[in-house]
Amino acid sequence: LSEVHLRRLFIMETGMSPHQYVLHHRISFASALLQSTDMRIKEIAWECGFGGEFYFSRQFAKSMNLSPSEFRKKILRLKHKE
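Residues numbered from 1 in each chain as written. Predicted model: local features only at pLDDT ≥ 70, side-chain atom pairs only at ≥ 80, totals over all residues. Heavy atoms only, no water.

J.: Hey, could you run me through helix α4 (residues 53-64) in this one?
T.: Think of an α-helix as 3.6 residues a turn; residues three or four steps apart then line up on the same face. Taking 1.5 Å of rise per residue, twelve residues should cover 16 Å, and α4 covers 16 Å from first to last C-alpha, within 8% of that figure. Taken together, the buried positions of α4 are Phe 56, Gln 59 and Phe 60. Taken end-on, α4 shows its buried residues confined to a sector of 100 degrees, consistent with a single buried face. Of the exposed residues in α4, the ones pointing more than 90 degrees away from its buried face are Phe 54 and Lys 62. Remark: Asn 65 follows α4 within two positions and exhibits a positive phi of approximately 60 degrees. (Helix = DSSP H or I, 4+ residues; strand = E, 2+ residues; numbered from the N terminus. Expected span 1.5 Å × (residues − 1). Buried < 20%, exposed > 50% of the residue type's maximum accessible area, 1.4 Å probe, protein only. Arc of directions from axis to C-beta.)

The structure is reproduced here in structure tokens:
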């Protein structure tokens, strides 16, 4: 299989490019860590495979429409209402 053909098959199967797929799963893992741990944003960025906190925060905000810290605050508020 050529790289182009494999990419095309991957998109047909998943609906997203390999890069988008990996990014989606990294963001998903990060959101779980933000909800369940007290890890610092920088530590979560590294744990999820991002090169640094700034890039992680930018990608997270792009995907979730909230910065990681805003996301964590929102989750905490929701947990306290329960």
